Amino acid sequence: MDLGADTTICGATTYSLDAGAGTGYTYLWNNNATTQTINVTTGGTYSVTVTNPGGCTASDEITVGFSAVPTVNGITATGNPSPSFNFEANGANNAEEYLWDFGHNGATATGATATYTYPSLATQTTYTVTLTVSNDCGEAAITTVVTVNPVGINDLELDNNALKLFPNPGSHSVKLVN
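Residues numbered from 1 in each chain as written. Predicted model: local features only at pLDDT ≥ 70, side-chain atom pairs only at ≥ 80, totals over all residues. Heavy atoms only, no water.

Taking strand neighbours across the sheet as the criterion, the four strands line up as β1-β6-β5-β3 in an open arrangement whose pairing is mixed. The open sheet is flanked by β1 (7-10) and β3 (26-29), the only strands paired with a single partner. Sheet twist, expressed as the mean angle between neighbouring strand axes with direction ignored, is 30 degrees. The sheet contact formed by strand β5 (residues 44-51) and strand β6 (residues 57-67) spans eight bridges and is antiparallel. Counterpart to Thr45 in the pairing with β6 is Thr63. (Pairing = 2+ DSSP bridges. Helix = DSSP H or I, 4+ residues; strand = E, 2+ residues; numbered from the N terminus. Axes fitted to C-alpha atoms, helices over the stretch in contact; angles between N-to-C directions.)

Here you go:
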């Protein structure tokens, strides 16, 4: 008698367990059912003891889990158009793992939230960010686009004493352009 390996059922609400047929056998499940088969609708550990007409018994147990394919509704990106962004998964359900792909040089992160700093470039640049959520039943992905604007000296919000150039006096010229 073998109920099988522990299992996770994806996308279903009922799973049938069968203790095996035998003439004159009796069955006692841990939920007090006395039939050869039971239909389970909640996750948990189920066990059965089977007794043959001669009084010999055999037992087995199985752990059954129920799960659904994960879903995610969106991505919140804060910091736009800064080069540094905070990302958060919106409406993720049944997700066990999160994988962020920031669309830049293969950079990735894990977790329901992530932070990434893009390089400051001379021109406005867009990146496609992909979030993939997954579990044992499958995966779902969603994307968003972030825009990184070039950072000029006026964007630095420096006070009067914050920008210093060395050596001073210098023998070459330095030109700061915004």
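Another point: the confidence of the model for the protein chain. Per-residue confidence for the protein chain gives a mean pLDDT of 89; residues scoring 70 or more make up 83%. Of all secondary-structure elements in the protein chain, the lowest mean pLDDT belongs to β1, at 92, while strand β9 (residues 97-101) reaches the highest, 98. (pLDDT = per-residue confidence, 0-100.)

Core analysis: the biggest nonpolar cluster contains 20 residues, and Phe87, Trp100, Phe102, Tyr118, Val129, Leu131 and Val146 have the highest contact counts within it. Listed in part, the 14 residues of the second largest apolar core include Ile38, Tyr46, Val50 and Val64. (Core = buried A, V, L, I, M, F, W, Y, C linked by side-chain atoms within 4.5 Å. Buried < 20%, exposed > 50% of the residue type's maximum accessible area, 1.4 Å probe, protein only.)

Structurally, Asn135 can be placed in strand β12 (residues 125-135). At a separation of 2.7 Å, a polar atom in the side chain of Asn135 contacts the main-chain carbonyl oxygen of Ala68. Contact partners of Asn135, with chain neighbours within four places excluded, come to Ser67, Ala68, Val69, Pro70, Asn94 and Glu96. (Polar contact = N/O pair within 3.5 Å; in protein donor to acceptor, adjacent residues only side chain to side chain. Contact = heavy atoms within 4.5 Å.)

Let's shift gears to the packing of aromatic side chains. Tallied over the full model, the rule gives seven aromatic pairs. Centre to centre, the rings of Phe102 and Tyr116 are 4.6 Å apart; their planes meet at 10 degrees, and the pair counts as stacked. Of the two residues, Phe102 sits in the loop between β9 and β10 (108-110) while Tyr116 sits in strand β11 (residues 113-117), which places them 14 residues apart along the sequence. Look at Tyr118 and Tyr127: their rings are 4.3 Å apart centre to centre, the planes differ by 20 degrees, and that puts the pair in the stacked class. Tyr118 gets classed as buried once you look at its relative accessible area, which sits at 2%. Aromatic ring contacts, followed pair by pair, group Phe85, Phe87, Trp100, Phe102, Tyr116, Tyr118 and Tyr127 into a single cluster. (Phe/Tyr/Trp six-rings, centres within 6.5 Å; stacked < 30°, edge-to-face > 60°.)

Moving on: the environment of Pro150. Mapped onto the fold, Pro150 is located in the segment after β13 (138-148). Sequence separation between Pro150 and Thr125 is 25 residues; the distance between their C-alpha atoms is 8.2 Å.

Of all eleven residues making up β12, eight are buried, and the element is well covered by its neighbours. With five bridges connecting them, β9 and β12 associate as antiparallel partners. Residue pairing in the sheet places Leu99 in a bridge with Thr132 of β12. Relative to β13, β12 runs antiparallel, the two sharing eleven bridges. Residue pairing for β13: Val129 is matched across the bridge by Thr144. Between the antiparallel neighbours β12 and β13 lie two residues.

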